[in-house]
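Summary of structural features
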Amino acid sequence: MSAVVSDAEFRPRATDGRAPNVFRLGEWVPMATYPEDEAVDFAIVGTGCGGSVLAAKLAAAGHSVVAFDAGAFYRPLEDFASDEREQEKLYWLDERISGGDDPIELGSNNSGRAVGGTTVHFQMVTLRFRPEWFRSRSLLGYGHDWPVDWREMWNYYDAAEDAMKIAGPLRYPWGPPRGRYPYREHELSASALVLARGAEAMGVDWCATPTASISAPRGEANPCAYRGFCKIGCATNAKQSMLVTYVPWAIEAGAEIRDLAMVGRIETGPDGRATGVHYRRNSRWRFQKAKAVIVAGYSVETPRLLLNSACPRHPDGLANSSGLVGKGLMVHANHAVWGVMEEEIRWYKGPPSLAVCEHWNYEDAGKDFFGGYAFMSQGPLPTDFATSLVSNEGVFGHELRKWMGRYNHMAGLKIVGETMPQETNRVELSDETDALGLPIPKVTYAYCDNDRRLAAHAQDFMGRTLEAAGARDLFRTSGTAHLMGGCRMGEDPATSVVGPDGRSWDIDNLFVCDGSLFPTGGGVNPSLTIVANALRIADRIRDLAARGDLR
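Numbering of residues starts from 1 in each chain and follows the order in which that chain's sequence is written. Totals for whole chains, interfaces and linings use all residues, but because this is a predicted model, local features are given only for residues with pLDDT of at least 70 and pairs of side-chain atoms are given and counted only at 80 or more. The basis for the side-chain values is all heavy atoms of the structure; hydrogens and waters are excluded.

Structural notes on the environment of Gly490
In DSSP terms, a helix is any run of H or I states spanning at least four residues, a strand is any run of E spanning at least two, and both are numbered starting from the N terminus. For Gly490, the position within the fold is in the loop between β22 (480-484) and β23 (510-512). Classification of Gly490 by relative accessible area gives buried; the value is 8%. Sequence spacing of Gly490 and Pro500 is ten residues, and the spatial spacing of their C-alpha atoms is 5.9 Å. By the convention used here, residues are in contact when the closest approach between their heavy atoms is within 4.5 Å. Residues in contact with Gly490, not counting those within four places in the same chain, are Pro147, Ser496, Val498, Gly499, Pro500 and Trp505. Partly exposed residues are those whose accessible area sits between 20% and 50% of the maximum for their type, while under 20% is buried and over 50% is exposed, using a 1.4 Å probe and protein chains only.

Take a look at the structure:
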């Protein structure tokens, strides 16, 4: 039974010219509405890091915008609970087929289903790419080059961090010089201090993690109260998710948001260009006309939608003349080492990853693998940790109770490790259909030897770091986090799905803007890079429109 009484999951809230006020109980804000039979300038599919940013920027530039999201439009103050089971409503739990030699855990692990997308339940870690990663093929010998210079991205990182009021350290030890973060860093938790002690003993730098949780008041958003439960939805609005930043800004600028609206197909005309989207809302299929369509559904739903929109003019799916839609899917290795500390840690308090070490993202000497990894302090919630023990250690009954009895004395380090972009790792359409009659996505994934060498290196280093900090009774777990790739952007139509501005090589009024664009994944959490890239693409689309290159 739900712990919170809410109609958000069953009845669209953003209707009749108003949308929920995410900062106040039961209140509303005015919202523009657009008729379905008049073509809007942009129909945007998804309201996460890509879609909401574009909706806000393009609406502010004077364009008519309708953004669709399959999830609910929540008011965090009244809809979110400190209850792991209740907050599963934030995950994309629709059926997906996961296979290959190393099947990915989907659903709660990496996909969100709410207005604001996955950022509503992300862990708020906001790290920048190492500059060389934007030319990883040319400079480091692996993966694919990005079609953007790191200096340009650095400017958009500045803008993204300011928009989300990132709380970070005065000095960041790695990479080119950068300005001060907008908000001061958070006080370190006991879990973070374990990482600090271990890193110093190992002779590597560490610092407070740049975090999208405000450390001081911001407008109507309250600062972090260190209650924990960040991963499952912030009930105080300290988390600067898209739900409390770019979505309200988009509405204020004149965009319409349609919640509980699942887009199932992009329509194309006789000339092969996009004409609008078919979407399901209030138990019936509807159609919104549009002059241009932007897909921002993330690395599973974006390829799924493009492939499911096949038509006689585009028989293999939209934007797929290269045959690369759905291919090159990446995850982050998310392996961990855990141990028991003599002192009480209570790692569930506060944001879970308040200390980070990027040493192995920036140090190439002594590695036997391409790519890099960051590792961070951890703070899993009880059910999450118990599930990890069962699935990785196989403990049940008395043994599980014994481990959980040590919960308040546990500490852990976990990586965000880069994996290689392999075209055999992919998203396809299965022959099975879901309740709406849409093909269920089929995800195939396997690590390569390089991925395994990176993970082994990381677990060895983190194990020695934890021991140096005083941990005992160590054990290891393995896993994945985040999704990237599937609609690679690039400079060459033969080796990419879209160009540098996210525009399809095949259909000039069809764009993609989300994590599926990533040619490589880097060794850091992807959210900040998705936001920064979306800001860049929004400027390019605005400029295209201004000079008449969008019909």
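With respect to the pattern of salt bridges
For this analysis, a salt bridge means a side-chain nitrogen from Lys or Arg found within 4 Å of a carboxyl oxygen belonging to Asp or Glu. Considering all chains together, one arrives at 37 salt bridges under this definition. Residue Asp158 is joined to Arg128 by a salt bridge in which the shortest nitrogen-to-oxygen separation is 2.6 Å. With a gap of 30 residues between them, Asp158 in helix α4 (residues 150-163) and Arg128 in the loop between β5 (97-99) and α3 (136-140) connect regions that are remote in the sequence. Using a relative accessible area of 2% as the deciding quantity, one classes Arg128 as buried. Note that Glu399 is salt-bridged to Lys402, the shortest N-O span being 3.2 Å. With Glu399 and Lys402 both in helix α10 (residues 397-405), this residue pair falls three residues apart, about one helical turn. Look at Lys402 and you get partly exposed, because its relative accessible area is 37%. Members of the salt-bridge network, linked through shared partners, are Asp7, Arg11, Arg13, Arg75, Glu78 and Asp79.

Quick look at the packing of helix α1 (residues 51-60) against helix α12 (residues 527-546)
To get an axis, fit a line to the C-alpha atoms, keeping to the stretch in contact for a helix; angles then go from 0 to 180 degrees between the N-to-C directions. For the pair α1 and α12, interaxial distance at closest approach is 9 Å and the crossing angle is 35°. Considering only the axes of α1 and α12, their crossing is right-handed. On the side of α1, the interface is formed by Val53, Leu54, Lys57 and Leu58, while α12 contributes Val531, Ala534, Leu535, Ile537, Ala538, Asp539, Ile541 and Arg542. Handedness of a helix crossing follows the sense of rotation of the near helix relative to the far helix, less than a right angle counterclockwise being left-handed and clockwise being right-handed.

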